[in-house]
Amino acid sequence: MTGPGPVVPAPAASHPRPEPLGAGTLSRRLILSTTALVAVIAVLLSGLTALTMHRILQDQLDEQLLASATQTRGEGRGQGMSPGRGGPGLAQGLLFYWQGQGGIVQVEHDRNVVGEQVAAELERVVPTGRPETRALPSLGPYRIVGIAQGSQVMVVGLPLAGLTASMASIMVAAVVLTLMAIIIAFLAARTVVERNLRPLARLATTAHQVSALPLGSGAVDVPVRFPAEDTDPRSEVGQVGIAFNRMLDHVEGALGAREGSETKLRRFVADASHELRNPLAAIRGYAELTRRERPDVPATTAHALERIESESERMSHLVEDLLLLARLDSGPALEIAPTPLSTLVADAVSDARAAGPDHAWALSLPDAEVVALADRHRLTQVVANLLANARTHTPAGTRVTTSLAAEQGWAVVRVSDDGPGIPPEVADRVFERFTRADASRSRAGGGVPSTGLGLAIVAAVVAAHGGHVDVRSRPGHTEFTVRVPLAPVRQI
Ligand SMILES: Nc1ncnc2c1ncn2[C@@H]1O[C@H](COP(=O)(O)OP(=O)(O)OP(=O)(O)O)[C@@H](O)[C@H]1O
Ligand SMILES: [Mg+2]
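Cut-offs applied
Residues numbered from 1 in each chain as written. Chains lettered and ligands numbered in written order. Predicted model: local features only at pLDDT ≥ 70, side-chain atom pairs only at ≥ 80, totals over all residues. Heavy atoms only, no water. Helix = DSSP H or I, 4+ residues; strand = E, 2+ residues; numbered from the N terminus. Buried < 20%, exposed > 50% of the residue type's maximum accessible area, 1.4 Å probe, protein only. Contact = heavy atoms within 4.5 Å. Areas by Shrake-Rupley, 256 points an atom, 1.4 Å probe, with all protein chains shown as cover. Pairing = 2+ DSSP bridges. Axes fitted to C-alpha atoms, helices over the stretch in contact; angles between N-to-C directions. Near = heavy atom within 4 Å. Polar contact = N/O pair within 3.5 Å; in protein donor to acceptor, adjacent residues only side chain to side chain. Nonpolar A, V, L, I, M, F, W, Y, C, P; charged D, E, K, R; others polar. Expected span 1.5 Å × (residues − 1). Bend = angle between axes of the 7 residues up to and from the residue. Salt bridge = Lys/Arg side-chain N within 4 Å of Asp/Glu carboxyl O.

S.K.: It is not clear to me how the overall build of the protein chain should be interpreted in this structure. Could you clarify?
M.R.: Scanning the protein chain from N- to C-terminus turns up 9 helices and 15 strands. Scored against the burial criterion, the 492 residues of the protein chain give a buried share of 37%. Counted over contacts in the protein chain with a minimum sequence separation of 6, partners at least 24 positions apart contribute 64%. Looking at the protein chain as shown, the accessible area adds up to about 27,500 Å², and 59% of this sits on carbon and sulfur atoms.

S.K.: For this particular structure, what's the right way to read the environment of A459?
M.R.: Along the polypeptide, A459 turns up in helix α9 (residues 454-464). When the C-alpha atoms of A459 and V469 are compared, they prove to be 6.3 Å apart, with 10 residues separating the residues in sequence. If sequence neighbours within four positions are ignored, A459 has contacts with F431 and V469.

S.K.: Please clarify how unusual backbone geometry should be interpreted in this entry.
M.R.: Only a minority of non-glycine residues have a phi that is not negative, and only a minority of peptide bonds are not trans. Even without a glycine there, the phi angle at S138 is positive, about 65 degrees. You can call S138 exposed: its relative accessible area is 78%. Residue F434 is not a glycine yet carries a positive backbone phi of 60 degrees. Inspection of the secondary structure puts F434 in the loop between α8 (424-427) and α9.

S.K.: Looking at this structure, how should I read the sheet that holds strand β14 (residues 468-474)?
M.R.: To summarise the sheet geometry, strands pair through backbone hydrogen bonds and adopt either a parallel or an antiparallel arrangement. The strand order across the open sheet built from 5 strands is β10-β12-β13-β15-β14, with neighbouring strands paired in mixed fashion. Of all strands in the sheet, those bounded by a partner on one side alone are β10 (360-364) and β14. The mean inter-strand angle of the sheet, taken between neighbouring strand axes irrespective of direction, is 15 degrees. Across the sheet, helix α6 (residues 341-355) lies against β10, β12 (399-407) and β13 (410-417), angled at about 175 degrees from β10, the strand it touches most.

S.K.: For this particular structure, what's the right way to read the site of ligand 1?
M.R.: Not every one of the 19 residues close to ligand 1 is listed here, only the nearest: N389, H393, T451, L453 and L455. The contact in question runs from an oxygen atom of ligand 1 to an N or O atom on the backbone of G452, over 2.9 Å. L455 places a polar main-chain atom, nitrogen or oxygen, 2.8 Å from an oxygen atom of ligand 1. Taken by itself ligand 1 offers 600 Å² of open surface, and the protein chains cover 91% of this. The set of elements that each furnish at least two residues to the shell around ligand 1 consists of α7 (376-392), α9 and β15 (477-485). Across the shell around ligand 1, the residue classes tally to 8 nonpolar, 9 polar and 2 charged.

S.K.: Is there a simple way to think about the pairing of strand β5 (residues 132-136) in this case?
M.R.: Successive side chains on a regular strand alternate, one facing one side of the sheet and the next facing the other. Across 5 bridges, β5 lies against strand β6 (residues 140-149) in antiparallel orientation. When the bridges of β6 are listed, R134 appears paired with Y142. Between the end of β5 and the start of β6, which pair antiparallel, lie 3 residues, with S138 showing a positive phi angle near 65 degrees.

S.K.: I keep staring at the environment of T402 and nothing clicks. Help me out?
M.R.: Tracing the backbone shows T402 in strand β12. As for T402 and L386, which are separated by 16 residues in sequence, their C-alpha atoms are 9.8 Å apart. Discounting residues that sit within four places of it in the chain, T402 has contacts with V345, V349, A362, L363, S364, L387, V413, R414 and V415.

S.K.: Please explain helix α3 (residues 161-212) as it appears in this structure.
M.R.: For the α-helix, the turn length of 3.6 residues means that residues three or four positions removed from each other point alike. The end-to-end C-alpha separation of α3 is 73 Å, in line with the 76 Å expected for 52 residues at 1.5 Å each. Along its length, α3 shows its largest kink, about 40 degrees, at R198, and proline P199 lies within four residues downstream of that point.

S.K.: Whenever I open this one, the pattern of salt bridges confuses me. Can you help?
M.R.: Should their charged atoms come close, side chains of opposite charge can pair. Tallying each qualifying case throughout the model produces 20 salt bridges. We note a salt bridge from E288 to R292, for which the minimum N-O separation is 2.6 Å. Here E288 pairs with R292, and both are found in helix α4 (residues 236-293), just 4 residues apart, close to one helical turn. R307 is paired through a salt bridge with E311; the nearest N and O atoms lie 3.2 Å apart. Taken together, the positions of R307 and E311, both in helix α5 (residues 299-329) and 4 residues apart, correspond to about one turn of that helix. Under the relative-accessibility criterion, R307 is labelled partly exposed at 39%. A network of salt bridges, in which partner residues are shared, links E407, R414, R472, E479 and R483.

As structure tokens, this is what we get:
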């Protein structure tokens, strides 16, 4: 498939979306930092308001205090008159102290005589004319001002209880309002952040969908795009969305181009392999014919003819392998049918035994027939390649065990040997094309040189069946496991 397919907007997310307040999320950071900022501002404002209110109330009290002092002075105290006596409007809780030349003359609280402790406290007041706060025994905190009149001192006080009560109410209101501001800020921030980050979540969804596409293994269409309504170039997310969609266009174009050139290459390999088959068969045929018809040729010529025959045969195998791989690459090229595997595996082992009489060949078949959905010829080739490897890459006397089983929906063929194991330098890429160990390490070095395509064919054929192959190898034990789907029971 090449060229862009129909572009569809990203469907609903299949990946887990982060919770708005989940650990590490951007929305959490935005919501919490906005709320924290509002909280700090609200606390500062409440604190400053409370301080200002305190200052205003205290100033009012001081004014009242000084007014009371002026009023009582005007009433001629020290002459045996107590404040308020005969003068209206004096404040509640007023404390009055008058000291003449001969000591305390008058100490009254709300026109009542006060205790000695209070009198002693008031006696200590320095007559500065500036109000100050003092805690008076049994009367509590008072705002007090001392005024000197020649050698006489007058002290007037007003209780702070009213101011303290007002401040308590103000503080309660400030705390409640601050908490409300924080809660409202939190809810508003959450709503705004969630709404604004929604396009970002959709972008993440689109990116997840793209990452789930099998782009590395054939898919060249990228049929998802960031929704058009989210690609407003004025917003930051919109910019990202536009760039993202453009990148997907490029990726799609690049994949299409790659697919195009791979298709061409595959077709070339397939065509070249196909075209080489006939000339190779002709070379082999003529060489064989010449050798048979002219038995009297010199030994060197006979050897040359043999070499031509064997090399052209090897090249025919190589060409067949390349052709098969090219066909498998360009799509399923199998004739899948329910295939009983017991005979197939038994025949392959029997062929291997004939080809490698120096090895010990063991076969383990289940009682019940195992029927796979498979291409008979290709699967035979898979087992034959594995058995050929066990024969050519292990020394004489190696025991090779082949087993067949049905396991959890799979037909499983295992080929294991107790040979030296796969050389470490090729161990992790044995299924790649043209991977083979140093020829000197395999017996094949002495006979037919190997090409390194055998396991690549195994992997490609098994994958085309929808199955898989894996290998475990260590010195003394190498085991290849091939799994292909079992045929459904009704198809047997
Ligand atoms: N049973 C085995 N024991 C040890 N090494 C193995 C075994 N099977 C495979 N190998 C190693 O894996 C390499 C790749 O095997 P593969 O069948 O792909 O290629 P090949 O056998 O070298 O060539 P070809 O099969 O194309 O003739 C081999 O060259 C060999 O080194
Ligand atoms: Mg091989």
